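Chain by chain, the residues run as shown.
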Amino acid sequence: MKIFFLYLLAGCLLFQNCQEVKKGPTAANIAESFYTHEDFKTVEKIDAHVHVNTNKPDYVQLSAQDNFRIITINLDDVNEPPPMEEQQQFALQQVKAFPHRIAYATTFSIRHFNDSNWQSQTINYLKNSFARGAVAVKIYKVIGMSLRDKTGKLVMIDDPRFDTIINFIVQNKIPVIGHLAEPKNCWLPVEKMTIKGDKSYFMQNPLYHMYLHPEFPSYETQIAARDHMLERHPDLKFVGAHLGSLEWNVDELARRLDKFPNMAVDMAARIVHLQYQAAGNWQKVHDFMIKYQDRLLYATDAVIDASANINKNDIHARTINDWQFFTSDDAMTSADFDQTFKGLKLPKQVIDKIYRTNAEKWFPGISIFRNKNYE
Ligand SMILES: [Zn+2]
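So, here is what we can say about the structure in this document. (Residues numbered from 1 in each chain as written. Predicted model: local features only at pLDDT ≥ 70, side-chain atom pairs only at ≥ 80, totals over all residues. Heavy atoms only, no water.)

1. Observations regarding the overall build of the protein chain
How we decide: Under the scheme used here, helices are H or I runs from DSSP no shorter than 4 residues and strands are E runs no shorter than 2 residues, and both carry numbers assigned from the N terminus. Summary of the burial criterion: residues with accessible area below 20% of their type's maximum are buried, those above 50% are exposed, and those between are partly exposed, where the area comes from a 1.4 Å probe applied to protein chains only. Only heavy atoms matter for contacts: two residues are in contact if any of them lie within 4.5 Å across the pair. All accessible-area figures derive from a Shrake-Rupley calculation using a 1.4 Å probe, and residue coverage is judged against the displayed protein chains alone.
Scanning the protein chain from N- to C-terminus turns up 15 helices and eleven strands. Put simply, the protein chain has 375 residues, and 50% of those count as buried. For the protein chain, the share of sequence-separated contacts (at least 6 apart) that also reach a separation of at least 24 residues comes to 74%. Of the roughly 18000 Å² of accessible surface on the protein chain, a fraction of 55% belongs to carbon and sulfur atoms.

In structure tokens:
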């Protein structure tokens, strides 16, 4: 019996091989497996991380022209106005105007962290946001980088005082978008930074350049606190913003994705770090993208505020550049570093995941996007 099956199997394999030889991989078959430059506009895409802090319809309309739907993310930081209440109003107005084009992530404030009723106030704010359709909660880097408790001690994200809030989010089956820590470059001297954009940013903003502030927690301490929080909340669905602040090394990111099955990451404003690594070891970055194709979300981190004049060409050019990197094997260059690199040429099904279906999976609240009767 066993032999018979083996014989059948061998026969099938032989038959398949013959068929393949006969058919051969035609040019048309190969072309079908990958998207081209021309497919950019026809493929439905989601940008999982933008900040639309305006009532103006321009940005959503522009994104729609390139077949993007977007998730606008609120955050609360005194150094980055407007406050979250105002951001939420903008988001709600945009969602009302374009319900099938834009969704929003709420956040919570740590301004009154040291008040006795901070937890209940925070839960009330979140309750209200969930009732109004927020699809996620952003946790911001102010936790770990600047929040201090009554004793003056910096508060990290694995602090038990966040447990009630995180448990409430988990109970409501809402995912968290966690921007915790900063790029590793922030802790390096300028001459050791990988990306020109980081070099100029930290030279202009020495206050935020952690290499100059050793009294603050190290990069490793920040990442460890985030990991510890995930260990303590295994049921939390967590999308690490900006490649989970592990943008500098796909092996390090892979380790976390292996360890935390409920963790995914968005690529907002960190695609350049994948390009930088691809310049050094294309195969490694390519294989990482293939292996973790269910855990990576395309995102830009575009910031649109009321005063900003949207440069249509800039936005389009940036997203086209990303598309070229992921879909083609063109030789490319970046303004951020000197080496050339090759596009990753990911298969269509991987592109569809990172550009759309992963966002739908990790943010179930955006299912409204699937309704085609929009606008
Ligand atoms: Zn952002």
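2. Some remarks on the coordination of the zinc ion
For clarity, the threshold we go by: In this description, a donor is an N, O or S atom within 2.8 Å of the metal centre, a cutoff extended to 3.2 Å for sodium, potassium and calcium. Water is not part of the atom list, which can make sites seem incomplete.
Only His49 (NE2), His51 (NE2) and Asp301 (OD) from the protein reach the zinc ion as donors, at distances of 2.1 Å. Coordination of the zinc ion draws on donor residues from a single chain, spaced H-x1-H-x249-D in sequence. With His51 in strand β1 (residues 45–53) and Asp301 in the loop between β8 (296–297) and β9 (303–305), this residue pair connects regions lying 250 residues apart in the sequence. A relative accessible area of 6% places His51 in the buried class.

3. Considerations on empty space enclosed by the protein
What counts is decided by this rule: Grid points spaced at 1 Å and placed over the protein atoms alone form the basis of the search, with a cavity being a set where a 1.4 Å probe fits but cannot get out and a pocket an open set showing protein on both sides within 12 Å along at least five of seven lines. Lining residues have an atom within 4 Å of a point. Grid points are joined across faces, edges and corners, and a volume is the space filled by probe spheres set on the points. Only Asp, Glu, Lys and Arg are considered charged, only Ala, Val, Leu, Ile, Met, Phe, Trp, Tyr, Cys and Pro nonpolar, and every remaining residue, Gly among them, polar.
For the structure shown, the criterion picks out one cavity of 30 Å³ or more. The calculated volume of the largest cavity comes to roughly 40 Å³. Contributing to the lining of the largest cavity are Asp76, Thr107, Phe108, Ile110, Lys138, Ile139, Tyr140, Val142 and Ile143. Contributing elements (two or more residues each) for the lining of the largest cavity: β4 (136–139) and α6 (142–145). Class assignment for the residues of the lining of the largest cavity results in six nonpolar, one polar and two charged.

4. Let's talk about the pairing of strand β2 (residues 68–73)
What counts is decided by this rule: The criterion for strand pairing is that DSSP finds at least two bridges linking the strands in question. A crossover gets the label right-handed when its path from the first strand over the helix to the second runs clockwise, viewed with the strands pointing away from the viewer.
Within β2, six of the six residues are buried, leaving the element largely enclosed by the surrounding structure. Every second residue of β2 is oriented toward a common face, with Phe68, Ile70 and Thr72 on one face and Arg69, Ile71 and Ile73 on the other, all of them buried. Of the strand pairs in this sheet, β1 and β2 are connected by four bridges, and their pairing is parallel. Among the inter-strand pairings, Val50 is bridged to a residue of β2, identified as Thr72. Here β2 pairs with strand β3 (residues 102–107) via four bridges, running parallel. By the bridge assignment, Ile71 is partnered in β3 with Ala103. Handedness of the crossover is the feature at issue here: the chain leaves β2, passes through helix α4 (residues 84–97), returns alongside β3, and the resulting connection is right-handed.

5. Some remarks on the layout of surface pockets
Space inside the largest pocket adds up to approximately 1400 Å³. If you go around the largest pocket, you meet 50 residues; those closest to its centre are Tyr201, His242, Ala269, Arg270 and Asp301. Only β1, α6, α8 (196–204), α12 (271–280), β9, α14 (312–327) and β10 (331–334) provide two or more residues apiece to the lining of the largest pocket.

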